[in-house]
Every structure is written in C-alpha cells, then in structure tokens.
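What follows is the residue order along each chain.
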Amino acid sequence: MAKELWKGNEAVAEAAIKAGCRFFFGYPITPQNEIPEYMAMKMPQIDGCFLQAESEVAAINMVYGAAGAGARVMTSSSSPGISLKQEGITYIAGAELPCVIVNMVRGGPGLGSIQPAQSDYFQACKGGGHGDYRLIVLAPASVQEAVDLVQEAFDIADQYRNPVMILGDGMMGQMMEPVEFKEVKKRSLPEKTWATVGTKGKRKPNVVNSLYIDAADCHNHNVDLFKKYAEIEKNEVRVDTYNVENAEIVFVAYGTTARIVKNAINSLAKEGIKAGLIRPVTLWPYPYKAIEEAAEKASVKAFMSVEMSMGQMVEDVKLGANGKKPVYFYGKAGGAFPTPKGIAEEAKKILGGAK
Amino acid sequence: MAHEIIMAGFGGQGVMAMGKILVEAAMEEGKNVSWLPSYGPEMRGGTANCSVIVSDEPIGAPIVTEATAAIVMNRPSLDKYESMVVPGGALLINSSLIDKKATREDIKVHYVPANDIAQELGTDKVANIVMLGAYIQASGAASADSIMNIITQMFAGKKATVIPLNKEALLRGAACIK
Amino acid sequence: MAVVFEKTRGLAEKPFHYCPGCTHGIIHRLVAESLDELNLIDDAIGVAPVGCAVFAYDYFNCDMQEAAHGRAPATATGIKRVHPKSAVFTYQGDGDLASIGAAEIVHAAMRGEKITTIFVNNAIYGMTGGQMAPTTLVGQKATTAPYGRDENHAGMPLRISEMLATIPKAVFVERVSVHDVKHIIQAKKAIKKAFQTQMEGKGFSLVEVVSTCPTNWGKTPIEALKWLQENMIPYYPLGNFRNTEEVK
C-alpha cells in the first residue's frame, strides 16, 4: 500500500479499526478530538459502535463493560480527561480486562494548557489510579509508529489481559506525516473464555470483578498480577537507540521529544561532540537494561533525560544508570518544548563541566 | 537538503491548506515530509500557523524553530517569525496586506502582492496559492507540476472548474520571484 | 407429590449474606424468577453495584460484572452495545444510583439504553454503616446526619422515579415495595414488565423498590416494615410513572 498523509489522531483511530476495534467510548477534549470524530464517522459504516459518553468517567466504565463482554474496545482522551478515567483504569487492571487507552498529553497541572506535554509520565507508568497495578505504556515517536503500535496494542492487551496505554502528545495528535498501514503480525491469542457473553445454560456464570474481600485472597490476586507483570517485563521491553556507540553524552527521550533530540545530536556532531540517544518505546516495562549497558561504556560521561515536563522519566534513567554515571535533566513544561539549540547548549555545559 | 518552513497568517487565509498541498506534493516526489499545525483557540479566527518540513533525509523534530523559510500572510506573523529565519534563509511577505518592510539583511526577502494578484484573478481565496507558487519558485521544495497534480486531485469532480484558476495563481506567484 | 414452590434456577447456590429482615433477598429472588420465567437467564448479563448488593455477582445464576460505585449503567451500556440481544440489567442501591451514579443513570435513560435497572431504595447507605443517602427522609437519622436530615442543610430527598419519568426514552418506570405479599406480587409483575420492555427494544426501564434496612435504621425487621409503610411510602408513592403503552 502506498504512503498517505495522515493526521496523528485520525491515523490512530483508523489503526484501531484495522486492528478489529469495533467499540469506542469517548468524550471531547482538546487535542485528541479527531479520534472520537473519526470513530463517530467510521463506526456506523462497519457495524461498530461509537458512543459519546456523558463524561470520561462514564466512558471508561463503558470500556470496562464492553471489554468484560469480550469486545475489542478503545477510548481516548487528553490529560485532564485521563485523570477522570483513572477510576475505571484501576478497575480494568484489577479485573484484568484488555483494552486500549490513548492519551494525547497536554500541559498540566489542572486545566493546564492544550499544548503538547509529557507530564503524564508518572500517571501512566507509576500508578495513576489506586492500588498495585501496571499499564503497558507505548510511546510512539512518529505517526507511522503510532499506527503500528496501536495495531499491536490490541493484541498485547488480549495476550496479557491488561490495559495498554498509547502515550502520545498534542503534537503527535495534530501533526500530519506519511503513513503506510502495514499488515501487523498477529499474535496467537488465548480465547476469551472468561468474558461475560451469557452462560447459554452450558457453564457456570463468568464474573468480571476486581473485588477480593478477603485480605489473603486480595494479596494472592496481587501476587498473580505481579507474576503477569514480570512476564511482560521479560517479553515486551522495546527501545530504539541512535549513535550510542562512542557517545560522550547519552540523551534519553521518548515520543516527539526524541525527535527534537535527534536534531540536537546532529548539530552537536557538526561541532565534533559525540552524542547518542536511547529512546524507550515501551515506558512500562521500562528499558532499564539499555540505560545500564550505556552506563557501563567507558566513552559515556553522562546521561541527560530530555522531556516536555519538569522531570519525570529522569527518575527511571537514574534507576537504570544506578549511580554509575551522572544523570542530568533538561525539559520544558506546560506545553512549551525543548529546542534542539537549548538541548545542545545544555549538553555542552554538562560536558564542559565533566572535563 | 531540508526545507523547514513556517507558514503563518490569519485563520481563513488558507495557511494550513498551503502547507498541506506542499507536503502532499513533496511526498509524491518521494521526499520526507511533516506538517504540524498550531491548534487551539487561535484556530477559530485568530492567527494560524503551521510547521512544514520537506527533506531528503528522515525528519527529526516536526516543529520548526529554525526556519529555512517563513511565509507571512499578515503583519503579526511578520513580527513574530522574521527572527526565526536562519541566516541565508528566505522570508516571503504578503505585501498586499503588510506595508512594513523586513528589517533583516542576512536573509533573502521576497515581497509578493498575493491578495492583489488573487483579486486580479477574481478571488482572494487563491492568495495562498499565489504565495505557494512564489515559495516553490524561490526554494524548489516541490515542482509546480506536483503541486498542480495535488490541486487537480483536490478539486476533482464538481469543483474542477477552479483548477485553471489555481494554476494561474500558482504561475503568477512564481513570476514574482526574480 | 406436586411441587408448589422451588428455588428458581435464576439464583445460584450461594447463600445470601444479607442481614436478618433485609429485603434484598426477596428482590434478588424476584429478579431471578423473572429472568428464568421469561427464558432470559442463559443469555443474561448482570451488573452488580457497590454497596450491600456488591456480592450480587455470586447470587445470580448468569454472567455478571462488578462495576465501580455508581457506574453500573455505564458498564451495562458497554455490555449491551456488545450483546444487544442479551437481557442486561443493573442492580443498584440508593447511594450508588442516586448519589455518585446520578449522571450515569440519567444519561443511560436519556440514551434509552435497552437495559433494566433494579433500584433498591432503603434511604440509607448500608454497607458503609448507615450514612445519609440522597433518599434519606427529612428528620431521619443517619451516622452523617446524627441530628436527622435537615432540609435546609442537606436538601430534600431525591425522587428518582419521578425524575427519570420525565426522560423521553425512559419508557418503563415504576415504584414498588416488598413489605407484604401483595406488594411482592406487584413488584414481580413490574420487574417482569421491565425486562419485557427491554427485550422489545423500546428503551430504558427501571423499577424502584422501596426497601428496608433494619440494621442501620436500628429497628427489628417487623418495625422496619412498619416504618417503611408509615414514612417511606408517603414520600415515595408507589405506582407506575411511565409505561410503554404511553410511549408512541
């Protein structure tokens, strides 16, 4: 198939449909409105269901119901709306239901701004809702990668019976880039024998539930969840690297920020400074090993986490570097973004200081 | 070669469409492209701008902070984006609506009376195409033929009558570049 | 020997956990019998609430989902959209439905979701230990209204059936009680009618069941039934507020 120009939000919606998603429950919020709008247009044409809920809270609970009923289902929102969805997300994680949640992040806290940001990293990767649970968090850096990851996200969700979050940002949602919808390799997936589809009088009732009223039972449920999370950590870590060999400074950045960092790396190269990039594609599970391996390289003097936030992922970079090399942070928040020039200057300061 | 362009103007001047047509055309020529609009309240009638990149190399940041060219359709855009052009870059000014001159001397400045030409052709609506014609002539970011292919696809069917008008606008814009 | 009564197959084997004198058990049976008698139980999917009926998923002999507090109508919406031919129902108390889930129930009704809601109104939060509900009567004491509900402070109790009956696509709305045999029979008729309405695809249906909470009311089961008749029914009059015959 030839490449076509697609806007990020619309491409994400189309990718979901191509992955067999036939149920979408959403609520308007900038800058992700093209996703529900696209679904509203397309779903009726393919016997799917788009429903605009009364709130993000209702939308995520509709997702819970539809996922529990065995469907491929998605919702999307942006930061303040994702905060509202946290209730449903922890229930979905607790009840082990597969679904895909898209967050086109905007500046916060509170109403914040509507410009792109990465300040929902903690919320996505370190909890968000209550209880011990994990979302699988995928962070595309281009519209093409968003399309590929969304298509795969439904399979990942089904394989592990776990919610998957696509963590983009306003820039990802609004930009247009050439896209090719490729056949994504299908995983072999377990049957949804647990889904509530009616007993047909042939089996005991299925119950979709996150309540374990007995403390010991609830503990065991958590232990089981964490066995599953360990499996995901073993199988699903993804990371992209660029010029890390012989780099003096290794940037760590994800999503659209990683692209800005690449420009900075290229401009530093012109000045004879070797810089590299580690770009986590999965934010959870996090590619700690890639950071650790870079920290062990003699050439690497320092890491710099570059984010559209006040410094969130930098904590994971520190965990990965584990004190072997210093970890610095550079970022802009609230909808502002780091520029290649700003990043390069900061890197030169650090390297100058390290000499 | 990478063209990193800021296109800016009032909402309704066709700034977003100008960017989209350029990236569609450049993509058909096999180049790497990206288009990133400003979004938010300014979409509804205020200022609008988009970052457009056309490059032989894979594209890094889709957002333009150091522009090889700025196309400004109104005065506030000139004030905002003149400084963003890299030395040696180009600044295209819609001189029909902007009476101010550029202040920089380290860039190439082109004054294009886009609205005057568009009005001569019968409608202000094609001022953006006049400007696009001037830009591709100045930069070579895409050929006039590729642009016309995209415009022809866009207006295929009932609106096909406007295709010659757009072609005229594109050529008149190109003629403004000496 | 002729069988005059047997437990419906709409109910699972698990014994109820409810307090002595609580009317949840009766209401569960009426719902289960209705689903069985209408031949819907094998395809039915129910949604349990948060509150005393939280374990309803163990009692009904059909597939069940446990929803977050108040969100059962949204959860049921998701289910029904996936399985439009199944009987989908929510079973909710007054704290769940009339307080935290007020938006969800109103909008499910507004959309005319083809689901049936069994709304158990006993004018108090039971599971959490007797706090004031939106349906707590004026003057009625609760742990968070220790001096009795003051209408100038906490407003007047919410009449859910009357309110929902103003919504065009809420096509069957009836308030019933289960304080004696006669009313139990009437309640079952209403519940059956609600499910029939759903299966006919006409729209949203709700049966409000005025119920007791002897434990948190601080009364014996018999006193509680009496209190219900003397205090609840005058404020929450029984009867049909909307039925399909009126709906074109």
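### With respect to the overall build of chain A
Thought 1: Scanning chain A for helices and strands turns up 12 helices and 15 strands.
Thought 2: Viewed in the frame of its principal axes, chain A has a C-alpha envelope of about 75 × 50 × 40 Å.
Thought 3: Here chain A, with 355 residues, has 58% of them falling under the buried criterion.
Thought 4: The long-range fraction of contacts in chain A, counting pairs at least 24 apart against all pairs at least 6 apart in sequence, stands at 80%.

### Remarks on the arrangement of the chains
Thought 1: If you rank the two pairs of chains in contact by how many contacts each has, first place goes to chains A and C.
Thought 2: As for chain C relative to chain B, no contact occurs, and the smallest C-alpha gap between them is 29 Å.

### Comments concerning the interface of chain B and chain A
Thought 1: Contacts between the two partners involve 15 residues from chain B and, on the opposite side, 19 residues from chain A.
Thought 2: Secondary structure elements with two or more residues in the side of chain B that touches chain A: α1 (15–28) and β2 (32–37) of chain B.
Thought 3: For the side of chain B that touches chain A, the leading source of residues is β2 of chain B, giving five residues.
Thought 4: For the side of chain B that touches chain A, the class distribution of residues is 10 nonpolar, four polar and one charged.

### Observations concerning the sheet that holds strand β14 (residues 302–307) of chain A
Residues and elements named next belong to chain A.
Thought 1: Taken together, five strands build an open sheet; the order of strands is β10-β12-β11-β14-β15 and the sheet is mixed. Strands with a single pairing partner mark the edges of an open sheet, and in this sheet they are β10 (239–242) and β15 (327–331). Taking the axes of each pair of neighbouring strands and ignoring which way they run, one obtains an average angle of 20° across the sheet.
Thought 2: Alignment of strand β11 (residues 249–252) against strand β12 (residues 275–280), held across four bridges, turns out to be parallel. Looking across to β12, one finds that I249 is bridged to A275.
Thought 3: Its contacts with the sheet place helix α9 (residues 255–270) against β10, β11, β12 and β14, and it is angled at close to 170° to β12.

### Let's talk about unusual backbone geometry
Thought 1: Along the chain, T30 of chain A connects to P31 of chain A via a cis peptide bond; the corresponding omega equals 10°.
Thought 2: Note that P31 of chain A resides in the loop between β2 (23–26) and α2 (34–42).
Thought 3: Looking along the chain, the bond that leaves G108 of chain A and enters P109 of chain A is cis, with omega of -5°.
Thought 4: Tracing the sequence through the fold places P109 of chain A in the loop between β5 (99–105) and α5 (121–125).
Thought 5: One non-glycine residue, K200 of chain A, lies in positive phi territory at about 55°.
Thought 6: The topology assignment puts K200 of chain A in the loop between β8 (176–179) and β9 (207–208).
Thought 7: The backbone of A123 of chain C shows a phi angle near 60°, a positive value even though the residue is not glycine.
Thought 8: Note on placement: A123 of chain C falls in the loop between β4 (116–121) and α6 (151–154).
Thought 9: Residue class for A123 of chain C comes out buried when judged on the 27 C-beta atoms lying within 10 Å of it.

### Structural notes on the pairing of strand β7 (residues 163–169) of chain A
Residues and elements named next belong to chain A.
Thought 1: Counting buried residues along β7, seven of its seven residues qualify, which places the element largely inside the surrounding structure.
Thought 2: The side-chain alternation of β7 yields two buried faces, one formed by P163, M165, L167 and D169 and the other by V164, I166 and G168.
Thought 3: One ladder, built from seven bridges, connects β5 with β7; its direction is parallel. Across the sheet, residue V105 finds its bridge partner in β7, namely D169.
Thought 4: When strand β6 (residues 136–138) meets β7, the two strands line up parallel, connected through three bridges. Residue pairing in the sheet places I136 in a bridge with V164 of β7.
Thought 5: Each parallel crossover has a hand, and the one from β6 via helix α6 (residues 143–160) to β7 is right-handed.

### A few points about the domain arrangement of chain A
Where interface size is quoted, it is often the accessible area lost as the parts come together.
Residues and elements named next belong to chain A.
Thought 1: Under the domain assignment, chain A is made up of domain 1 (4–235) and domain 2 (240–354).
Thought 2: Its C-alpha centre places domain 1 at a distance of 29 Å from the equivalent point of domain 2.
Thought 3: Between domain 1 and domain 2, the residue contacts involve 28 residues of the former and 22 residues of the latter.
Thought 4: Going through the elements one at a time, α5, β6, β7, α7 (170–174) and α8 (215–235) are the ones with two or more residues in the side of domain 1 that touches domain 2.
Thought 5: Looking at which element gives the most residues to the side of domain 1 that touches domain 2, the answer is α5, with four residues.
Thought 6: Partitioned by chemical class, the residues of the side of domain 1 that touches domain 2 number 17 nonpolar, seven polar and four charged.

### Overview of the interface of chain A and chain C
Thought 1: Residue-level contacts link 35 residues of chain A with 29 residues of chain C.
Thought 2: Breaking the side of chain A that touches chain C down by element, the ones donating at least two residues are β2, β3 (49–52), α3 (56–68), α4 (79–94) and β9 of chain A.
Thought 3: The dominant element in the side of chain A that touches chain C, judged by the number of residues it contributes, is α3 of chain A, at nine residues.
Thought 4: Taken together, the residues that form the side of chain A that touches chain C break down as 19 nonpolar, 13 polar and three charged.
Thought 5: Pairing between β9 of chain A and strand β2 (residues 63–66) of chain C: two bridges, direction parallel. Residue V207 of chain A lies in a different strand from β2 of chain C, and its bridge partner there is M64 of chain C.

So, how was this worked out
- Residues numbered from 1 in each chain as written.
- Chains lettered and ligands numbered in written order.
- Predicted model: local features only at pLDDT ≥ 70, side-chain atom pairs only at ≥ 80, totals over all residues.
- Helix = DSSP H or I, 4+ residues; strand = E, 2+ residues; numbered from the N terminus.
- Buried ≥ 20, exposed ≤ 12 C-beta atoms within 10 Å, placed from the backbone.
- Contact = placed C-beta atoms within 7 Å.
- Nonpolar A, V, L, I, M, F, W, Y, C, P; charged D, E, K, R; others polar.
- Pairing = 2+ DSSP bridges.
- Axes fitted to C-alpha atoms, helices over the stretch in contact; angles between N-to-C directions.
- Right-handed = clockwise from strand over helix to strand, strands pointing away.
- Domains from an automatic or database assignment.

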